[in-house]
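The chain contents come next:
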Amino acid sequence: RQKSGLSRAILLGKPGAVAAVFGKLKLSSEGIDILDLETSSELAGLQQKLLQKKPDMDPEKAASMVRDPLYFGGAMVASGQADAMIAGAANATGKVISASLRTVGLTPGTRRLSSYFLMSVPNHRGGVRKDFLFADCAVNIDPPAEDLAEIAMATGKTAAKLLTEPAKIALLSFSTKGSAAHESVTKVTDALAIVRERAPELAIDGELQVDAALVPSVAARKVKNSVGVAGDANVLVFPDLNSGNIGYKLVQYMGNADAIGPFFQGFDKPVCDLSRGCSVDDVVSAAVILMATA
């Protein structure tokens, strides 16, 4: 990232240990800020920032917390000393969310934190690479209709910044337009009604099975009175975390797709929670996407 000029990197860790890694990889750390969490001159200021967010917190606890890389990084973002935080390579999603909530906080008016993956799929429809957004694949286990609608609206806004094509949002289900009846289907149709009322400018449809959402010939058979989403969706909103997490991993590993993320939606500043199995390329790609959506 540093050599390409994409962003200025700030690494949190012991300078000696970081230098050893750079030496082993035969890379230069010139121009990269390396902050030691035990001795950094930023500690006192970041502790105060944390206490401003949580005025009822014990000062000693705040001092201890900012020595954790997640809290230190989150406090830097909250205070404007960094533009975004990329985490997750060494921490579970729950820890990243907890630290970010206590430091960065939610955007005013946001009631539901969510996430998305950028899925870059090769050989789509005969050899064309195509980008999709998948949501929510990392945070909400079984969102009710109100939350599902908020996830769809947030992801639609993100898609407008990231995708080269207009966002076409499919609310996914095991049913297409009433082909099955179940409370989980009703949840999806209720979410659709909420989105259409609150954000009528969005191109959205549901409930759709994934083949009806993606394949024009299937959509032509299954969907009457199409609004232009079925068969051509590029934003897939899953009804729950089970289907979302399973879905993105199937596409990633069986479809040889690049899965970048998850990126959080709803924090006041950009935060990304990479998989603990992430690669160097994943980190670089995450930095580019965070800057594009900041």
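It should be emphasised that the depicted structure is a prediction, and the values quoted were computed from it without experimental measurement.

Calculation notes
- Residues numbered from 1 in each chain as written.
- Predicted model: local features only at pLDDT ≥ 70, side-chain atom pairs only at ≥ 80, totals over all residues.
- Heavy atoms only, no water.
- Helix = DSSP H or I, 4+ residues; strand = E, 2+ residues; numbered from the N terminus.
- Rg over C-alpha atoms; globule rule 2.2 N^0.38 Å.
- Buried < 20%, exposed > 50% of the residue type's maximum accessible area, 1.4 Å probe, protein only.
- Areas by Shrake-Rupley, 256 points an atom, 1.4 Å probe, with all protein chains shown as cover.
- Lys, Arg positive; Asp, Glu negative; His and termini not counted.
- Charge placed at Lys NZ, Arg CZ, Asp CG, Glu CD.
- Contact = heavy atoms within 4.5 Å.
- Pairing = 2+ DSSP bridges.
- Patch = residues over 30% accessible without salt bridge, like charges linked within 9 Å, V, L, I, M, F, W, Y side chains within 5 Å.
- Salt bridge = Lys/Arg side-chain N within 4 Å of Asp/Glu carboxyl O.
- Phe/Tyr/Trp six-rings, centres within 6.5 Å; stacked < 30°, edge-to-face > 60°.
- Lys NZ or Arg CZ within 6 Å of the ring centre and 35° of its normal.
- Axes fitted to C-alpha atoms, helices over the stretch in contact; angles between N-to-C directions.
- Parallel < 35°, antiparallel > 145°, perpendicular 65-115°, else oblique.
- Left-handed = near helix turned anticlockwise from the far one by under 90°.
- Nonpolar A, V, L, I, M, F, W, Y, C, P; charged D, E, K, R; others polar.
- Core = buried A, V, L, I, M, F, W, Y, C linked by side-chain atoms within 4.5 Å.
- Disulfide = S-S within 2.5 Å.

Our focus in this paragraph is the overall build of the chain. The helix and strand inventory of the chain stands at 11 helices and 10 strands. Rg of the C-alpha trace for the chain: 21 Å, near the compact-globule value of 19 Å for 294 residues, within the 12% margin. Projecting the C-alpha coordinates of the chain onto the three principal axes gives extents of approximately 65 × 45 × 30 Å. Burial analysis of the chain (294 residues in total) assigns 47% to the buried set. Total accessible area on the chain stands at roughly 14600 Å², and carbon and sulfur atoms take up 53% of it. Computed over 31 positive and 31 negative side-chain charges, the separation of the two mean positions in the chain equals 3 Å.

Here we come to helix α4 (residues 69-79). One turn of an α-helix holds 3.6 residues; hence residues three or four places apart share an orientation. With 8 of 11 residues buried, α4 is to be regarded as a mostly interior element. Three or more residues of α4 are buried, namely Leu70, Tyr71, Phe72, Gly73, Gly74, Ala75, Met76 and Val77. Where α4 is buried, its residues meet β1 (10-12), β2 (33-35), α2 (43-53), α3 (59-65), β3 (85-87) and α5 (93-103).

A word on the pairing of strand β7 (residues 203-208). Of all 6 residues making up β7, 5 are buried, and the element is well covered by its neighbours. In terms of strand pairing, strand β6 (residues 168-172) meets β7 through 4 bridges, oriented parallel. The residue of β7 that forms the bridge with Ala170 is Asp205.

Another aspect to go through is a nonpolar patch on the surface. The grouping of Ile246, Leu250, Tyr253 and Met254 at the surface amounts to a nonpolar patch, some 510 Å² of accessible area in total. Note on placement: Tyr253 falls in helix α10 (residues 241-254). Classification of Tyr253 as exposed rests on a relative accessible area of 62%.

This structure, assessed with the given rule, holds 4 aromatic pairs. With centroids separated by 5.2 Å and ring planes inclined at 25°, the aromatic side chains of Tyr116 and Phe263 adopt a geometry described as stacked. In this pair, Tyr116 sits in strand β4 (residues 114-124) while Phe263 sits in strand β9 (residues 258-265), placing the two residues 147 residues apart along the sequence. Residue class for Phe263 comes out buried when judged on its relative accessible area of 1%. In this structure, Lys130 is placed above the aromatic ring of Phe132, and the distance from its NZ or CZ to the ring centre is 5.6 Å.

Take the pattern of salt bridges next. Under the defined criterion, the tally for this structure stands at 11 salt bridges. Two residues, Glu150 and Arg111, come together in a salt bridge whose shortest N-O distance is 3.5 Å. Pair noted here: Glu150 is in helix α6 (residues 145-162) and Arg111 is in the loop between α5 and β4, with a separation of 39 residues, a long-range link. The closest approach of N and O atoms between Arg129 and Asp258, which form a salt bridge, is 3.5 Å. Of the two residues, Arg129 sits in strand β5 (residues 128-135) while Asp258 sits in strand β9, which places them 129 residues apart along the sequence. Assessed through its relative accessible area of 46%, Arg129 is described here as partly exposed. If you follow the salt bridges from partner to partner, you end up with Arg111, Arg112, Asp147 and Glu150 in one network.

Now for the packing of α4 against α5. Taken N-terminus to C-terminus, the directions of α4 and α5 make an angle of 40°; their axes are 8 Å apart at the nearest point. When the interaxial angle is binned, α4 and α5 end up oblique. Relative to α5, α4 is oriented so that their crossing is right-handed. Contacts from Leu70, Tyr71, Gly74, Ala75 and Ala78 of α4 reach α5 at Lys95, Val96, Ser98, Ala99, Arg102 and Thr103. Among the residues forming the contact of α4 with α5, the class breakdown is 6 nonpolar, 3 polar and 2 charged.

What follows deals with the nonpolar core. Counting 33 residues, the largest nonpolar core has Leu133, Leu171, Val195, Val235, Val237 and Phe263 as its most contacted members. The set of elements that each furnish at least two residues to this core consists of β4, β5, α6, β6, α7 (183-198), β8 (235-237), β9 and α11 (280-293). Broken down by element, this core gets its largest block of residues, 8 residues, from α6. In this structure, Val237 is in contact with Ala135, Leu148, Ile151, Ala152, Ile169, Ala170, Leu171 and Leu172, ignoring residues within four places of it in sequence. The next biggest cluster of nonpolar side chains, apart from the first, holds 27 residues, and it includes Leu35, Val66, Leu70 and Met85.

A few words now on the environment of Ser285. Considering the arrangement of structural elements, one finds Ser285 in helix α11. With relative accessibility at 26%, the residue Ser285 sits in the partly exposed group.

In this section: the state of the cysteines. By the definition in use, this model includes 0 disulfides. Distance from the sulfur of Cys137, which forms no disulfide, to the nearest cysteine sulfur (Cys272) is 13 Å. Look at Cys272 and you get buried, because its relative accessible area is 0%.

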